[in-house]
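The chain contents come next:
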Amino acid sequence: MTFMKNIINVVNLSKSYSAGIKALDDISLDVGKGEVLVVMGPSGSGKSTLIRTFNGLESFDTGYLEILGIRLDPNGDEKNIREIRKRVGMVFQQFNLFPHLSILENITLAPIKVQKRQKIEAQEHALSLLSNMGILSHANKYPSQLSGGEQQRVAIARSLALKPDLLLFDEPTSALDPERVNEVLDAMRDLAKKGMAMVVVTHEVGFAKEVADRVLFMDAGRVIEISKPNIFFQNAKEERSRRFLNQIIK
Amino acid sequence: MRISKGIFVQITLAISLFLLIFILFNNLYVNLINKQIGFTFNWLLRPAGFALSESSLNYSPSNSYAWALFVGWINSLKIILSSLIFSTLLGIIVGLFSKSKNKLLRKFSSIYVGLIRQIPLLVQLMFWYFVVFLGFNNSNNDHYSHFFSVSNKGINILNLNLTTEFSALLFGLSVFTGAYIAEVIRGGINSVPSGQWEAFKSVGLSEIQGVFYIIIPQSLPAIIPGLTSQYLNLAKNSTLAIAVGYADIYAISDTVINQTGRAIEGFLILLLSFLFLNLIITYAMEFLNRFVIANQNRRIR
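Residues numbered from 1 in each chain as written. Chains lettered and ligands numbered in written order. Predicted model: local features only at pLDDT ≥ 70, side-chain atom pairs only at ≥ 80, totals over all residues. Heavy atoms only, no water.

Q: Explanation requested: the pattern of salt bridges in the structure shown.
A: Close approach of charged atoms allows side chains with opposite charge to pair. Residues and elements named next belong to chain A. Inspection of the entire model under this criterion finds 22 salt bridges over all chains. Salt-bridge contacts for Glu 239 lead to Arg 243; the nearest nitrogen and oxygen are separated by 3.7 Å. With Glu 239 and Arg 243 both in helix H9 (residues 239–248) and four residues apart, the pair spans about one turn of that helix. The class of Arg 243 is partly exposed, set by a relative accessible area of 46%. (Salt bridge = Lys/Arg side-chain N within 4 Å of Asp/Glu carboxyl O. Helix = DSSP H or I, 4+ residues; strand = E, 2+ residues; numbered from the N terminus. Buried < 20%, exposed > 50% of the residue type's maximum accessible area, 1.4 Å probe, protein only.)

Structure representation (structure tokens):
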């Protein structure tokens, strides 16, 4: 099995917890270069579990998983996982910035320690990323001094510092005050325009309509449908998808 | 008006306290005089007359009691400081084992901590002395012996010669305290949110790099208070040296009190010497704590 064009290949991926509950149930999907895939679904449907398997934060039981041409085993080969993590960025719901490091140190730690880049060069790169995110003036502050939206933009800058080929977003705006959501979504729109491949777990319908190339809808660990956003939001193929959309769009 | 009332209460309290202490000491002093024992430290300058099994300083039986006690205090300091270093290293290693992905290391950590905490320290010291160190044979004939050797005469590392008593005490105290420190370290690491582990993994840091750069710095505020308690316990537990015949301050005071009959003065010296020692440990750790807290406050507006 080789899928040279895709950066994510998933075939028949399954994972169950000890109680027999299926977190992931026979999932197959692919993501191409530069594609933006938005993952939607009710809570507990396995969205987060799915994208966390993409950088090895979550293991799986059976199936085939290949990220950026690197095969991941169910048991998780440590060497392959680290190789993937160096090339895949992740942004979390709770930001997870390192509170004891300055904004600049948060961003430069991995480039210096993992990629062994020169400190000066890593700092210059970090400052340009912060400038793109519109938060250059915060470089020497600490995370607790920033608002949620600013912290999340720092987290995005941190995930970009290793010059990744793929970004994973796990509900990036769910923990934000409503008036702070757009500044983060704007930064993500910019990235999509620049051709960054992204998998985004989110409930932001506007963002999905505008930015997604495809929308994946999950329920109870299964893929219900994968459609283009205009089809999904106006005329979803599956009854379960339509019911979900009716509930979130009033 | 309220302020002057407060001060009045404080002054009354202070005077009563001093009065109470004065009465107690006066009572003691008068009784000692009446029984013709007296309260004096003159005897400190008389020759001790007993030999010491171990001394880092020049000492002979013709030296004074004061000098013998000082040598004992230095011996205590020696065993406390070296056990402190070894137990800390051991505690950090075992504490990190408990968070390892390796099942065998986790198991080792929990068995070690479980076992050590169930057995009285005195029994453990006896074990290290009689079973382990006195159990070695006397032969030092193998060709490594001039670099490193262990025998029933103790441990030899190059020119450093550790007596059997010191070695047994060092192992006993370090292994015992190490188990408690491992738990303090584990608790500290658990205080760091799991999102921090996920974040450092996601940016490609290795487990060791992540623990060193991300987890340990954030767990220090939770670790230091517990560590201070363990260090103070270690210092106090070192008085069990008398059980394996190591000449620490307590063992020497015991002999001195027996010979001179000066129990009250002897215990006063013992109390003050431990007070002094533990205050040093407390202030050193307090300094470390302030440094860590100050570093944290810098991050919050």
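Q: Help me understand the sheet that holds strand S3 (residues 160–162) of chain B, please; the structure alone is not making it clear to me.
A: Within a sheet, each strand pairs with its neighbour through backbone hydrogen bonds, oriented either parallel or antiparallel. Residues and elements named next belong to chain B. Read from one edge to the other, the open sheet built from three strands follows the order S1-S2-S3, with strand pairing classed as antiparallel. With one partner strand each, in any of the chains shown, strand S1 (148–151) and S3 form the two edges of the open sheet. Strand-to-strand twist across the sheet, computed as the mean angle between neighbouring axes with direction ignored, equals 10°. Sheet strands in contact with helix H5 (residues 164–190) are strand S2 (154–157) and S3, and its direction is about 95° off that of S2. (Pairing = 2+ DSSP bridges. Axes fitted to C-alpha atoms, helices over the stretch in contact; angles between N-to-C directions. Contact = heavy atoms within 4.5 Å.)

Q: Whenever I open this one, the packing of helix H3 (residues 103–118) of chain B against H5(B) confuses me. Can you help?
A: How two helices pack is summed up by the angle between their axes together with the distance between the axes. Residue and element names in this part refer to chain B. Relative to each other, H3 and H5 sit at 125°, their axes nearing to 9 Å. Taken together, the axis directions place H3 and H5 in an arrangement best described as oblique. When you trace H3 past H5, the crossing you get is left-handed. Contacts between H3 and H5 pair Tyr 112, Val 113, Ile 116 and Arg 117 from the former with Ser 174, Val 175, Phe 176, Gly 178, Ala 179, Tyr 180, Ala 182 and Glu 183 from the latter. Class assignment for the residues of the contact of H3 with H5 results in eight nonpolar, two polar and two charged. (Parallel < 35°, antiparallel > 145°, perpendicular 65-115°, else oblique. Left-handed = near helix turned anticlockwise from the far one by under 90°. Nonpolar A, V, L, I, M, F, W, Y, C, P; charged D, E, K, R; others polar.)

Q: Which parts of the structure should I look at to understand the pairing of strand S8 (residues 197–201) of chain A?
A: Looking along a regular strand, one sees side chains alternate from face to face of the sheet. Residues and elements named next belong to chain A. Judged by how many residues are buried, S8 sits mostly within the fold: five of five residues are covered. Of the two faces of S8, the one holding Ala 197, Val 199 and Val 201 and the one holding Met 198 and Val 200 are both buried throughout. Note that strand S3 (residues 36–40) and S8 share four bridges and pair parallel. Along S8, the bridge assignment pairs Leu 37 with Val 199. As paired strands, strand S7 (residues 166–170) and S8 are joined by five bridges and run parallel to one another. When the bridges of S8 are listed, Phe 169 appears paired with Val 200. In this view, the connection linking S7 to its parallel neighbour S8 by way of helix H6 (residues 181–193) has right-handed handedness. (Right-handed = clockwise from strand over helix to strand, strands pointing away.)

Q: Before we go on, may I ask you to explain the confidence of the model for chain B in this structure?
A: Detailed reading of the predicted model is not advised wherever pLDDT is low. Within chain B, residue pLDDT values average 89, and 94% of them lie at 70 or more. Averaged pLDDT values for the elements of chain B fall to 76 in S1(B) and rise to 96 in helix H6 (residues 194–202) of chain B. (pLDDT = per-residue confidence, 0-100.)

Q: How do you make sense of the domain arrangement of chain B when you look at a structure like this?
A: Residue and element names in this part refer to chain B. Under the domain assignment, chain B is made up of domain 1 (1–39) and domain 2 (46–297). Taken together, the contact pairs four residues of domain 1 with four residues of domain 2. Carbon and sulfur atoms make up 71% of the area that domain 1 and domain 2 hide from each other, which totals about 380 Å². Ranking the residues of domain 1 by area buried against domain 2 places Leu 28, Ile 37 and Phe 39 at the top, with a combined share of 76%. (Domains from an automatic or database assignment. Buried area = accessible area lost by both parts, 1.4 Å probe.)

Q: Whenever I open this one, the environment of A:Asn246 confuses me. Can you help?
A: Residues and elements named next belong to chain A. Mapped onto the fold, Asn 246 is located in helix H9. For Asn 246, a relative accessible area of 57% translates into the label exposed. It is 9.9 Å that separates the C-alpha atoms of Asn 246 and Phe 233, two residues lying 13 residues apart in sequence.

Q: Quick question: what am I supposed to make of the packing of aromatic side chains here?
A: Geometry of an aromatic ring pair is reported as the spacing of the ring centres plus the angle between the planes. For the structure on display, the rule yields 20 aromatic pairs over all chains. Ring centres of A:Phe217 and A:Phe244 lie 5.0 Å apart, and the angle between their planes is 45°; this geometry places the pair in the tilted category. With A:Phe217 in strand S9 (residues 214–219) and A:Phe244 in helix H9, this pair connects stretches of sequence that are 27 residues apart. Pair check on accessibility: A:Phe217 and A:Phe244 agree, each one buried. The interplanar angle of 45° and the centroid separation of 5.6 Å between the aromatic rings of B:Trp197 and B:Phe200 together place this pair among those described as tilted. (Phe/Tyr/Trp six-rings, centres within 6.5 Å; stacked < 30°, edge-to-face > 60°.)

Q: Would you mind showing me how to read the interface of chain A and chain B here?
A: Between chain A and chain B, the contact holds 25 residues from the first and 21 residues from the second. Between chain A and chain B, the buried area comes to about 2100 Å², and carbon and sulfur atoms account for 55% of it. When the area that chain A buries against chain B is broken down by residue, the three leading residues are A:Phe98, A:His100 and A:Tyr142, summing to 26%. Here chain A and chain B share two salt bridges between them. For A:Glu78, the salt bridge identified is with B:Lys101, shortest N-O distance 2.6 Å.

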